[in-house]
Amino acid sequence: MYQELTFDQLPRAVTMLTNEVSELKRLLIEKQAESSTKSPEKPLSISEAADFLNLSVPTLYSKVSRGELPVMKRGKRLYFSLPELADYLKAGRKKSNEEIAAEADQYLIKSKKG
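Residues numbered from 1 in each chain as written. Predicted model: local features only at pLDDT ≥ 70, side-chain atom pairs only at ≥ 80, totals over all residues. Heavy atoms only, no water.

Student: Please clarify how the environment of Thr59 should be interpreted in this entry.
Tutor: Looking at the element boundaries, Thr59 is found in helix α3 (residues 57-65). When the C-alpha atoms of Thr59 and Ala86 are compared, they prove to be 17 Å apart, with 27 residues separating the residues in sequence. (Helix = DSSP H or I, 4+ residues; strand = E, 2+ residues; numbered from the N terminus.)

So this is what it looks like as structure tokens:
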């Protein structure tokens, strides 16, 4: 797969890579424009949100009443945003011991410098 380049081959390889990066950039911009023109996301009902969070509907109502969940209310109906619920789940993520150790190391390195 990997082929060593000679000095003479370098300009051609750089040109090829530049063209490929330009093509990737064009495709990403095209994809982004395509996704931004799509219809807005469909809000989830209380039962769909409960299924997504793997909670019962009464538990969901309790969390909403305590202000623990992001919610939209129209009349007597509650609606939820899938990305907001995913963010809610991610916010409750606990760090692994390895991540905590890495943060502690970074803190110690900073404190020694300053």
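Picking up after the structure, the text goes on.
Student: What is the right way to look at the packing of helix α2 (residues 46-53) against α3 in this model?
Tutor: Packed helices, taken two at a time, are described by their axes: the angle between them and the distance between them. Where α2 meets α3, the axes come as close as 9 Å, and the angle between the chain directions of the two elements is 100°. As far as their axial angle goes, α3 and α2 are roughly perpendicular. The residues of α3 that touch α2, namely those facing Ile46, Ser47, Ala49, Ala50 and Leu53, are Val57, Leu60 and Tyr61. Tallied by class, residues from the contact of α2 with α3 come to seven nonpolar, one polar and no charged. (Axes fitted to C-alpha atoms, helices over the stretch in contact; angles between N-to-C directions. Parallel < 35°, antiparallel > 145°, perpendicular 65-115°, else oblique. Contact = heavy atoms within 4.5 Å. Nonpolar A, V, L, I, M, F, W, Y, C, P; charged D, E, K, R; others polar.)

Student: Please clarify how the nonpolar core should be interpreted in this entry.
Tutor: Within soluble globular proteins, side chains that are nonpolar tend to cluster in buried spots. Counting eleven residues, the largest nonpolar core consists of Leu44, Ile46, Ala49, Ala50, Leu53, Leu60, Val64, Leu69, Leu78, Phe80 and Leu85. Counting only elements with at least two residues in this core, the list comes to α2 and α3. Residue contacts for Leu53: discarding those within four places in its chain leaves Leu60, Leu69, Leu85, Tyr88 and Leu89. (Core = buried A, V, L, I, M, F, W, Y, C linked by side-chain atoms within 4.5 Å. Buried < 20%, exposed > 50% of the residue type's maximum accessible area, 1.4 Å probe, protein only.)

Student: I keep staring at the packing of α2 against helix α4 (residues 82-91) and nothing clicks. Help me out?
Tutor: Where α2 meets α4, the axes come as close as 11 Å, and the angle between the chain directions of the two elements is 35°. Between α2 and α4 the crossing geometry is right-handed. Residues Ala49, Phe52 and Leu53 of α2 pack against Leu82, Leu85, Ala86, Tyr88 and Leu89 of α4. Residues belonging to the contact of α2 with α4 are distributed by class as follows: eight nonpolar, no polar and no charged. (Left-handed = near helix turned anticlockwise from the far one by under 90°.)

Student: What should I look at first to understand the side chain of Lys63 in this one?
Tutor: Summarising the element assignment, Lys63 is placed in helix α3. Each residue touching Lys63, except ones within four places of it in the same chain, is listed here: Leu55, Glu68, Leu69 and Tyr88.

Student: How do you make sense of the side chain of Ser81 when you look at a structure like this?
Tutor: Assignment of secondary structure puts Ser81 in the loop between β2 (77-79) and α4. With residues near it in sequence (within four places) discarded, Ser81 still touches Glu41 and Met72.

Student: Looking at this structure, how should I read the environment of Glu99?
Tutor: Looking at the element boundaries, Glu99 is found in helix α5 (residues 97-113). Taking relative accessible area as the criterion, Glu99 reaches 29% and is therefore assigned partly exposed. One polar contact links the side chain of Glu99 to the main-chain amide nitrogen of Ser96, over a distance of 2.8 Å. (Polar contact = N/O pair within 3.5 Å; in protein donor to acceptor, adjacent residues only side chain to side chain.)

Everything listed is a geometric property; what it means functionally is a separate question.
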